[in-house]
Amino acid sequence: MWEIYALAFLMIAGSIVAVHTRYLLSAVISLAVVGLSLCVTFLYLQAPDCAITQVVVEVIALIILIRAAGVEKDLLEIKGKREAFAATATFIFIIVFAIFAFAALTHLPKFGYPVMKVSSEYISRGLEETGAANLVTSVLLDYRAYDTLGEATVLFTAILGAIVVLREIGRKEK
Amino acid sequence: MSPYRARKEGMTNIVKTISKFVVPPIILFGIYMVLHGHLTPGGGFPGGVIMASGFILLILSFGKEVTLKKLKVSTASILESTGALIFLCLAILGIPAGGWFFVNFLSKGYPLKIISAGIIPLANIGIGIKVMGGVFAVFFTLVVFRISAKR
């Protein structure tokens, strides 16, 4: 169990470094640390499907971000009064969140137990109902296929938008 | 020396030679992952991204001219639309064949065989084609177009 806490600590540290570093390239690389820790967490929790998707998408996103960011400096900086105000507000919010979260999280069941009602149904009858040996795929493409269709539509729309905004053909010459 | 490696564009000769050997296995592994999505971990989405990453390695090492000979951006976006249409048609075919949207109308077969689980492998293939075209196109647009706009 302590491994998950260590990985979560690594993820938090990576995101803090990514926010506070001055160089965009360093921020991108510390984001990669977050993604890698998340991937190892998925592997530790015995979810290889999530781990494969995470590491593959993380690598592609990292390449895109490195090529897009280059070695530019982050010129936006908040100083003085505004920085103090932001820090105080964050601190107060964290305390309030911790109080409520502590009250709520003490009522949670033990980590990973019991398996939920719907999931236990899928686990016991997934193979005979869909015929797919990989249970994750049978949930993704049979029980929750609407979800996958929506996800595919979101991806399609995002790529459509990127290509339309950044296209080369059909632009007006200035 | 091959004409591709003699070009000035792209990275050094070492990178070009190694990526020449590495790119086909990457694409083959992506295809394997798409086809075995219903048997082993993986599936359409990660398999498609792995196939696209093979082409992205081609862009990074050989430059965009060589890559565009292998896979044009317009072809990639056609592939993306085709994959989305395959998935949607499989979903709609369920209405005449089985009664409702997304019904698994093909035979289930024996588990752990490659032809089993009805429409799930076909849907995986559709998603794999779609994600491969989409990720390649969005990489090309975000990276190459932006760099050419900077100059």
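Criteria and cut-off values
- Residues numbered from 1 in each chain as written.
- Chains lettered and ligands numbered in written order.
- Predicted model: local features only at pLDDT ≥ 70, side-chain atom pairs only at ≥ 80, totals over all residues.
- Helix = DSSP H or I, 4+ residues; strand = E, 2+ residues; numbered from the N terminus.
- Buried ≥ 20, exposed ≤ 12 C-beta atoms within 10 Å, placed from the backbone.
- Contact = placed C-beta atoms within 7 Å.
- UniProt positions renumbered as here; feature names shortened; annotations may be inferred.
- Nonpolar A, V, L, I, M, F, W, Y, C, P; charged D, E, K, R; others polar.
- Expected span 1.5 Å × (residues − 1).

Visitor: Describe the overall build of chain B, and please don't skip the residues or the numbers.
Guide: When helices and strands are tallied, chain B shows six helices and zero strands. Taken along its principal axes, the extent of the C-alpha atoms in chain B is 60 × 30 × 20 Å. Within chain B, the fraction of its 151 residues that count as buried is 43%. Taking the intrachain contacts of chain B between residues at least 6 apart in sequence as the baseline, contacts between residues at least 24 apart amount to 64%.

Visitor: Give me the environment of B:N13: which residues, what numbers.
Guide: Among the secondary structure elements, B:N13 is positioned in helix α2 (residues 13-35). Spatially, the C-alpha atom of B:N13 lies 44 Å from that of B:L88, the residues being 75 residues apart in sequence.

Visitor: How would you explain the UniProt feature "domain: Na+/H+ antiporter MnhB subunit-related protein" (unreviewed entry) in chain B if you had to name every residue and give the values?
Guide: The feature "domain: Na+/H+ antiporter MnhB subunit-related protein" (unreviewed entry), as annotated in UniProt, sits at residues 14-136 of chain B in this numbering. In this annotation, residues 14-136 of chain B is assigned 74% helix and 0% strand; the end-to-end C-alpha distance for the span is 24 Å.

Visitor: Any details on the interface of chain B and chain A? Residues and values, ideally.
Guide: On the chain A side, the residues contacting the 42 residues of chain B number 34 residues. At the level of secondary structure, the elements contributing two or more residues to the side of chain B that touches chain A comprise α3 (44-62), α5 (73-98) and α6 (120-150) of chain B. Among the elements that line the side of chain B that touches chain A, the one with the most residues is α6(B), at 15 residues. Within the side of chain B that touches chain A, the residues separate by chemical class into 24 nonpolar, 14 polar and four charged.

Visitor: Now, about helix α5 (residues 117-130) of chain A: what can you tell me, with residues and values included?
Guide: For α5(A), built from 14 residues, the straight-helix expectation of 20 Å at 1.5 Å per residue is met to within 8% by its first-to-last C-alpha distance of 19 Å. Looking one or two places after α5(A), you find A:G131, whose phi comes out positive at around 85°.

Visitor: Tell me about unusual backbone geometry, and name the residues and values.
Guide: Peptide bonds are mostly trans, and most non-glycine residues show a negative phi. Located in the positive-phi region is A:Q46, a residue other than glycine, with phi close to 60°. Along the polypeptide, A:Q46 turns up in the loop between α2 (24-44) and α3 (48-69).

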